[in-house]
Structure formats: structure tokens, C-alpha cells
Amino acid sequence: MSNTATITYDDKSVRHFMNASIFWGIIGMIVGVLAATQLSWWQMNGKFLETITFGLVKSEGLSYITFGRIRPLHTNAVIFAFVGNMVFAGVYYSTQRLCRVRTASDLLSKIHFWGWQLIIVGAAVTLPAGLTRGKEYAELIWPLNIAVVVIWVVFGLNFFLTLARRNERSLYVSLWFYIATIVTIAMLYIVNHLSLPTSLLHSYPIFGGVQDGLVQWWYGHNAVAFFLTTPILGIMYYFIPKAADRPVYSYRLSIIHFWALVFIYIWAGPHHLLNTALPRWLQMLGMLFSVMLWAPSWAGMLNGLLTLRGAWDKLRTDPVIKFFAAAVTFYGMATFEGPLLSIRAVNALSHYTDWTVGHVHSGALGWNGFMAAGMFYWLAPRLWRTKLWSTSLANMHFWVGLVGILLYVASMWVAGIMQGLMLAQTNPDGATLKYEFVETLNSINIYYGIRSFGGFLFLTGFLMCAVNIFMTARKGRAEDETVEVTVLEKASKDRMTLSEALSSDPVVHAVLALAFMILWFLLPPHADKAALVVTILLIAKSVSAFRAGKGTWSDYFNRLLENYLPFTVLIFAAAAVGGLVQIIPSLLVNRAVNVEDRVQVPYTPLELAGRDIYVAEGCYNCHSQMIRTLVPDVLRYGPGEDQGYSRLGESIYDHPYQWGSKRTGPDLAREGGALVKDAKLMRSGKRDNLWHFNHFLDPRQMSSGSNMPAYPWLFENKTALKELPAKIAAQARLGVPWPAMTKDGIEQNARDQAMEIASSLVTAGAFLPDKPDLGPEELRRHLSETQIVALIAYVQKIGVYAPVEKPPVKNPTLDPDAHRSSSTR
């Protein structure tokens, strides 16, 4: 028995999220254009304010807009503010229609909207202030992390309550992707943001060194997967058929696409750390699964494009179809390029260069940006009950934006490949490198300029979109849609129990085959072969069982789609298994007691203070602290007999790790050095203290052609020594072997080292242009309290290690590398 009901959808929340997405998108893109210009013209880090204010503002650089600080602001604004709000708009609109029910709670919708905007405002304030966790796409400080989790739970609760009240028996494809997004992002975000607070505004990640790197890119890669891809795919599966007035091309293809993507994507994170100190088995696993991603990604792309079959003529007249078709094409291009860059040989050329930046932006601008624009143009007339204000302006937006993307991506491809080749080129003797790092930077500067222009064009197109949506809203009226729906009886859905779902034939076969496949990878010789044989037999049995009971397996899946909770549990399990297999062995094996031949020398209190300044200034956005296992990298950064490539143990105590993902400046892993003769705490590495002092004061004085910003505020701001006891206590709890020290002892130790460095600077002739009248003793006292001295202390310690005897690995079963010859490295 069924009856009907009249419901009014909550389109007000959709309008709010859409408007917020457009607003934050403009902000994020403006910051992005500014950051891009800073790489071509160092004056854009604050010096330009002198010109535009006619001298009222005088500064060599302004801390709040320095590249290292605003680059995270740009990425967070675009990912979580622009795309995040766009996703919420799409999810709220389509979920109500797909479930034929109003969103479960208006109150939760309001908390979700305003809570998310407040988090964005918090990020916009804290990141330029230098308050950061120092991990890409995970920079927000811990109070904001908690706020994100709370608001995400509110979103998830509202979504699942809506599913529970639905008036549609089966879950449509879009809802599968939304479910995967909600549960997987929650898992990724919580694990990667586990931190130990030292104050209200600061914390240390609980993971260190290689473990932190692995967890970070398990999160970072899958933030791209489950925040920038799966929800957009859900939107694609809903809005493209609506816009084209055609059904999805292939329902079966969408099933394969979905499950393969959810299962495989989570394994691919280690490809961000290829040719580094990351254990080899993890690198190979990451590369293998990345290459496998080609299949499901292209299945989704083809399903999207083929949905437009019979509607291609609309490309000439309908800007919505234009944006959707181009977006899906960019998705295909980006998902072809991603696995390509994950091949170790290709990655050796592309990693740490702008090729990766171009790859990321082909997805961000083309896939996310154009899908957002297509959805906005489709939604606006329906949300305000009118026609789009200007189709011509939307078409102009398309072409301006497309040219902008092509200029951006092409320039970064050329710059990245060119720099990668130059960095690896040797002189005729084959033993030395031909180009200095800064020479490669100067060679690609013209492409940085083209990139800035391309980004400016994309921003211009998006401003056209904002005007068009604003004018459309002005000429229409905001009105929620009311429809008549058939009320579904509760007994006709959600009847499958969890035990029934998990004990079904397809699930049991899949779990057993997967378990033995994992054992094949982890077990020692001979046992691994036995596990492989069992895996093959189980797969053969699964195929046989599927053929024998094809209808049974299909019926099971169709029933599963009518039961959202078991369906959600299986999605979570499929997504979680990859992370568990990769992270748990690393947490158990890759510890200081198991490192191969080198272990990091812990920092002194002042060096730790300097490291925190380094992280706060976002230096990791330009510099890495990882010399890869590649010959050109070793020749450039670690040529000494006792140096070479970076070992796992050299950063084992770093919270957070600082291996970097892009080198706009040279690697710093070999910057540190030994204690200076007759000094108690002061070290000196490749360069002396005065070189670093002048380099931070005016980088071009020490390195002609450098695009690094000046840091004049470091010569005035005082080092926060009072915070050190709490920070050291937190690090000790995380396993860093700090010696027992009192609070006074910590502070005195830091002051002693600072005075040694300050004295060396004064003796060497350090000069502060803003304080020409200071005598030697006054200058010594002034400098000893400043951040620049703490930062120099840290730089002179980077990469310092102690040799250790190679011990046996205590957990060989969980370390596949221990079973294999080191010659394969």
C-alpha cells in the first residue's frame, strides 16, 4: 500500500552553498594569482605595496602575504571553500530529488552551512598569521581540525537521516559516491590530523618522519580522490543526464567504475614519495595501484561523455553542456596523466618540478572548476525561477576560462620537463652537474609569467560567472520547489541486516581472496608463494561461483542498494583496507630502533624553536629535506662519502616531516653540519651563519636571480622561548629522546646557543640596515632574542645524523623489504 504527499525541497541551503562557493572561489583564485606572480617577481611578497601606496607602506616584505603563508591559504580556499561549498550545493540539491524527500533537518543544514563558513574564516585568519601544522592540505591548527570533524559529522548525520527517510527504494549512483565521500573523508581527516597540542594554537602530529610522510600522502592523495573526485563524480552522474536529457550511458559501467575506484584509490598515496627513503615495498605498491587507476577513472570518464550521446548538438548552443563536456574531458586527461606520473622512471623527472603543478591544476581548474560552472549555470535558473541572465556571457566565460587553463597547464608542463632535464644534466666528465639550481629557475621564469596570465584569465572568466549568477538571481525570485511524491512504506526498504550483508557469497569470496593477496605481499619467502597459490585458487573459485549463481550475485547487489547502512559499511571497508595494509606495518617497523645505518640527532631547544619558525613561514612549500635515491640528486646535494641519499632514520624524529613535494628552491637535507670548534652548542654546515643571516635579509645579495622573499620581520620578532617546555614535553611523549631538562634549563640552553650564534654574527660583521646605530654588544643582545637566530640554529642542524650499527629488523614479517635483496633498490 502506498499514498502520496506534497513536499517542499530545501533549496534555500542549496542557494546559500552555491553563493558561498562563488564568493570563496573568487577569493581563492585571487590569492592563487598573487602567489603565482610571486614566483616571477619577488617584490609581490610585499615590496609592491610601497609602489601602490606611494611610499606610505615601506617594507621589503610583508609576512601575511609571503608565498610560504598564502600558498596554503590558496589551496585551502580553493579545495575546501570553493569546491567544498560547490559539493554541498550539489549534494543537497540532488539528494533530495534522488530520495524524493526534503533534507532531514533544517537545523542541521544551517549548522552545517554556517559552521563551514566560520571554519573558512578561521583558516583565512590563521594561515596568513603563520599558524599552521606544516602539512599540505592539512595546515589548519588543531581547534579548527576539531571544528571540521564536528561539522562533517553534522553533514553526514543530516545526509544519512535523509537516506533513512527516502521515498525511493534503491540508491542511485550519485548517492554511492556521496556515501563514499562522507565516510572516507572522515577516516582520512581524523587519522592524519591526530596531534598532540602544546598550546591553543599549536600542536605536533603524533606521527614522525617517514610515518608522517606516509600518513600525510595517504590523506593528501585521497583528499584529491574523495573530496575533489568522488563527490564531483556523483554530481556528474546526476547533473549531466539532467542537462542532456538522457539516461546514464551504462549502469553496469557505473558499478564497475564505483567499486574499483573506491577500492584502488586509497592504495595509491605512496606514489607521492617515490625514489625517497620510503620503504621500497610501499613505493612499488603505490605505483602498481596508481597504474591500475587508469581503468576505473577512464570508465567514469567514458560513462560521462557517452551519456551525452545524441545531445552533442547542444554543444553549440548550451553553455552548461559545454562546461560539462570539457570538465569530463579534463578529468580523463588528468586521470591519464596521474598514473603516468606515478611510474617511477617518469616520476624521477617530474617530481619536485612544476609538471606536478600543471597536472594538479588541469584537474582543479578543468575538472572541478568547469563542473562547478556547469552546475551553477544549470541550477541558477531553477533556484530563482527564471532564465539565465546572459547565455552569451556564459559562453564567453567558457572560452576565456578554457584558454586560461590551457595556458596554465601547457606552461607548467614545459617548465617542469625543462627544469627536470636541466637538473639532471651532467658535464662531459659525467661526474658533475651542468646547471646550478638557480639557473634552472631563471630559465623557466618566462613560463611562470605565462602561468600567471593563464590563472588571471581563469579568474576573469569566473568573475563573469559570478556576475551572471548575481544578475540571474536579481531578475528572478528565490523559491523552493514543491512536488508530489509517493510515500514509500518503511517495510519495503532497509530490511537487510549487517550480518546478512557481510556473510553473503560475493563478500566472503572477495574478503578471502584479498586477505591472501595481502599475505602474499607481506610474508617471507616460500610462505608468500603459498599465499599466492591460495589467492589464485580463491579467485578461480569466485569466478566459478559467479557464473554458477550469476542471478544470485546480481540479486544480492540490487538488494544491497535498498539497504543504505550495510551498503555504507561495505564502502567503508573497501576504502579502509588499503590504508590499513600500508600504515600499520610502517608504524610497527619504521622506528628509530629499526633504522638501517643512520639515526637523526635530536634538536636542541633553540633548534626546535627555529624549526617551528621554519614550519610557520611555510618554507616546506619551496624546499624539500629529502635527497632522492637518484644519481643527479646525490651529485647535487649529497656528494660526500658520508652523505649520499637521505636515509629513513635521518628524519625519524621530525614532527611534522618536511620532505616537501615541490622544489622552487634547492633541497636543504645536507645544509646542517658539525659543532663549531670551541663552541658549546653552535653548529655550522655548508654555509656559515653570516651567509644565512644575509640570505634571509636579502636573498639576492647572496644568490643572484633568486625569487625567494626577504624576511625582515624575523630580525625584529622575538623567539618564543617560554613555549619551549610545553613543546619539548609533547615531543618527549611522542617518542623523541629529549634529555631530562627543567623549564629553566631549557630556556637557559636556548639562550646560551642563541648568544653563541649572535656573537658569531657580530664578529663576522652582521649589519642591520634598520638599526645602524647599535653597538656590537647591543646588536649581540638584540640578535640573540630574535627569530632569525633561532632559524639559523635550525638550518645549521638540518640533516645531522649519527651512524649506527645496522640492527636486525625486529618485525620481518611486516617488512617485505627485509626479505628482498638491497641490490634491487
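Everything below is about the structure shown above.
Residues numbered from 1 in each chain as written. Predicted model: local features only at pLDDT ≥ 70, side-chain atom pairs only at ≥ 80, totals over all residues. Heavy atoms only, no water.

Asks: What am I meant to see in the overall build of the chain here?
Replies: For the chain, the count of helices and strands is 30 helices and six strands. A compact globule built from 825 residues should have a C-alpha radius of gyration of about 28 Å, and the chain, at 28 Å, falls within 12% of that. Once the C-alpha set of the chain is aligned to its principal axes, its extents read approximately 90 × 75 × 55 Å. Across the 825 residues in the chain, those meeting the buried criterion constitute 59%. Pairs at least 24 apart in sequence give 82% of the contacts found in the chain among residues at least 6 apart. In the form shown here, the chain has an accessible surface area of approximately 32,300 Å², with 65% of it arising from carbon and sulfur atoms. Here the chain contributes 69 positive and 57 negative side-chain charges, whose respective centroids are spaced 8 Å apart. (Helix = DSSP H or I, 4+ residues; strand = E, 2+ residues; numbered from the N terminus. Rg over C-alpha atoms; globule rule 2.2 N^0.38 Å. Buried < 20%, exposed > 50% of the residue type's maximum accessible area, 1.4 Å probe, protein only. Contact = heavy atoms within 4.5 Å. Areas by Shrake-Rupley, 256 points an atom, 1.4 Å probe, with all protein chains shown as cover. Lys, Arg positive; Asp, Glu negative; His and termini not counted. Charge placed at Lys NZ, Arg CZ, Asp CG, Glu CD.)

Asks: Explanation requested: the packing of aromatic side chains in the structure shown.
Replies: Each aromatic ring pair is characterised by the separation of its centres together with the angle its planes make. Under the defined criterion, the tally for this structure stands at 55 aromatic pairs. Taken together, a centroid distance of 6.4 Å and an interplanar angle of 15° make the contact between phenylalanine 258 and phenylalanine 567 stacked. With a gap of 309 residues between them, phenylalanine 258 in helix α9 (residues 251-265) and phenylalanine 567 in helix α22 (residues 564-589) connect regions that are remote in the sequence. On the basis of relative accessibility, which here comes to 0%, the residue phenylalanine 258 falls in the buried class. Clustering of aromatic rings is evident, with ring pairs tying together Phe17, Phe80, Phe88, Tyr92, Phe113, Trp114, Trp116, Trp152, Phe155 and Phe227. The ring of tyrosine 93 carries arginine 97 above its face, with NZ or CZ at 3.7 Å from the centroid. Across the ring face of tryptophan 691, the terminal group of arginine 687 is positioned such that the distance to the ring centre comes to 4.6 Å. (Phe/Tyr/Trp six-rings, centres within 6.5 Å; stacked < 30°, edge-to-face > 60°. Lys NZ or Arg CZ within 6 Å of the ring centre and 35° of its normal.)

Asks: I keep staring at the nonpolar core and nothing clicks. Help me out?
Replies: Phe376, Phe567 and Phe693 are the most contacted members of the largest nonpolar core, which has 227 residues in total. Take this core: its biggest share by element is 18 residues, from helix α3 (residues 67-99). Those residues within four positions of phenylalanine 693 in sequence are excluded, and the remaining contacts are Phe715, Leu761, Ala766, Phe767, Leu768, Leu783 and Ile792. One finds Leu423, Ile627, Tyr637 and Ala669 within the second-largest nonpolar core, a separate group that totals five residues. (Core = buried A, V, L, I, M, F, W, Y, C linked by side-chain atoms within 4.5 Å.)

Asks: Can you help me understand the side chain of threonine 184 in this one?
Replies: Along the chain, the position of threonine 184 falls in helix α6 (residues 173-192). The contact partners of threonine 184, leaving out residues within four places of it in the chain, are Phe226, Ile266 and Ala575.

Asks: Mind showing me how you'd approach unusual backbone geometry here?
Replies: Excluding glycine, residues mostly have negative phi values, and the peptide bonds linking residues are mostly trans. Looking along the chain, the bond that leaves histidine 655 and enters proline 656 is cis, with omega of 0°. Relative to the helices and strands, proline 656 resides in the loop between α24 (631-637) and α25 (689-697). The phi dihedral of tyrosine 137 falls on the positive side, at around 65°, and the residue is not glycine. Along the chain, tyrosine 137 turns up in the loop between α4 (106-126) and α5 (142-164). In this structure, asparagine 275 is a non-glycine residue whose phi angle is positive, near 65°. Topologically, asparagine 275 is positioned in the loop between α9 and α10 (280-292).

Asks: Any chance you could explain the state of the cysteines here in plain terms?
Replies: Disulfides are covalent bonds that connect the sulfur atoms of two cysteines. One pass over the full model with this rule turns up zero disulfides. Here cysteine 622 stays free of any disulfide, with the sulfur of cysteine 619 as its closest cysteine sulfur at 8.1 Å. (Disulfide = S-S within 2.5 Å.)

Asks: Would you take a moment to explain the environment of leucine 127 for this structure?
Replies: Within the secondary structure, leucine 127 sits in the loop between α4 and α5. Judged by its relative accessible area of 3%, leucine 127 falls in the buried class. Taking the C-alpha atoms as reference points, leucine 127 and arginine 781, 654 residues apart in sequence, are found 31 Å from one another. Excluding its chain neighbours within four sequence positions, the residues that come into contact with leucine 127 are Arg69, Pro72, Leu73, Asn76, Thr132, Glu139 and Leu140.

Asks: I would appreciate a short explanation of the packing of α3 against helix α8 (residues 230-244) in the present structure.
Replies: How two helices pack is summed up by the angle between their axes together with the distance between the axes. In the contact formed by α3 and α8, the axes pass within 10 Å of each other and the chain directions differ by 45°. When the axis of α3 is compared with that of α8, the two are oblique. Two packed elements cross with a definite hand, and for α3 against α8 that hand is left-handed. Contacts between α3 and α8 involve Val83, Met86, Val87, Gly90, Tyr93, Ser94, Arg97 and Leu98 on the former and, on the latter, Pro231, Ile232, Ile235, Tyr238 and Phe239. (Axes fitted to C-alpha atoms, helices over the stretch in contact; angles between N-to-C directions. Parallel < 35°, antiparallel > 145°, perpendicular 65-115°, else oblique. Left-handed = near helix turned anticlockwise from the far one by under 90°.)

Asks: Could you clarify how one ought to interpret helix α12 (residues 319-341) in this entry?
Replies: An α-helix turns once every 3.6 residues. As a result, residues three or four positions apart point the same way. Taking 1.5 Å of rise per residue, the 23 residues of α12 would be expected to cover 33 Å, and the 32 Å separating its terminal C-alpha atoms lies within 8% of that figure. Burial of α12 is extensive: 19 of the 23 residues sit out of reach of the surface. The N-cap residue of α12 is aspartate 318: its side-chain oxygen and the backbone nitrogen of valine 320 are 2.9 Å apart. (Expected span 1.5 Å × (residues − 1). Polar contact = N/O pair within 3.5 Å; in protein donor to acceptor, adjacent residues only side chain to side chain.)

Asks: Can you walk me through the pairing of strand β2 (residues 195-199) in this structure?
Replies: Two faces belong to every sheet, and in a regular strand the side chains alternate between them. Relative to strand β3 (residues 202-205), β2 is paired through four bridges, and the arrangement is antiparallel. Directly across from leucine 196, in β3, lies its bridge partner tyrosine 204. (Pairing = 2+ DSSP bridges.)

Asks: Looking at this structure, how should I read the environment of alanine 527?
Replies: In this fold, alanine 527 is placed in helix α20 (residues 527-548). Distance in space between the C-alpha atoms of alanine 527 and methionine 333 is 41 Å, their sequence separation being 194 residues.

Asks: Help me out: how do you make sense of the side chain of histidine 112 in this one?
Replies: Looking at the secondary structure, you find histidine 112 in helix α4. Setting aside chain neighbours within four positions, we find histidine 112 in contact with Phe17, Phe88, Tyr92, Ile151, Val154 and Phe155.

Asks: What am I meant to see in the environment of threonine 353 here?
Replies: With respect to the helices, strands and loops of the structure, threonine 353 is situated in the loop between α13 (344-350) and α14 (354-383). Overall, the relative accessible area of 2% leaves threonine 353 in the buried class. Each C-alpha atom of the pair threonine 353 and alanine 415 lies 7.8 Å from the other, and the pair is 62 residues apart in sequence. Once you skip the residues sitting within four places of it in the chain, threonine 353 turns out to touch Gly416, Gln419, Gly420 and Lys662. A distance of 3.2 Å separates a polar atom in the side chain of threonine 353 from the backbone nitrogen of tryptophan 355.

Asks: How should I be thinking about a nonpolar patch on the surface in this particular structure?
Replies: A cluster of nonpolar side chains, Ile190, Leu194 and Ile206, forms an exposed patch at the surface whose accessible area comes to about 220 Å². Mapped onto the fold, leucine 194 is located in the loop between α6 and β2. Overall, leucine 194 belongs to the partly exposed group, its relative accessible area being 35%. (Patch = residues over 30% accessible without salt bridge, like charges linked within 9 Å, V, L, I, M, F, W, Y side chains within 5 Å. Salt bridge = Lys/Arg side-chain N within 4 Å of Asp/Glu carboxyl O.)

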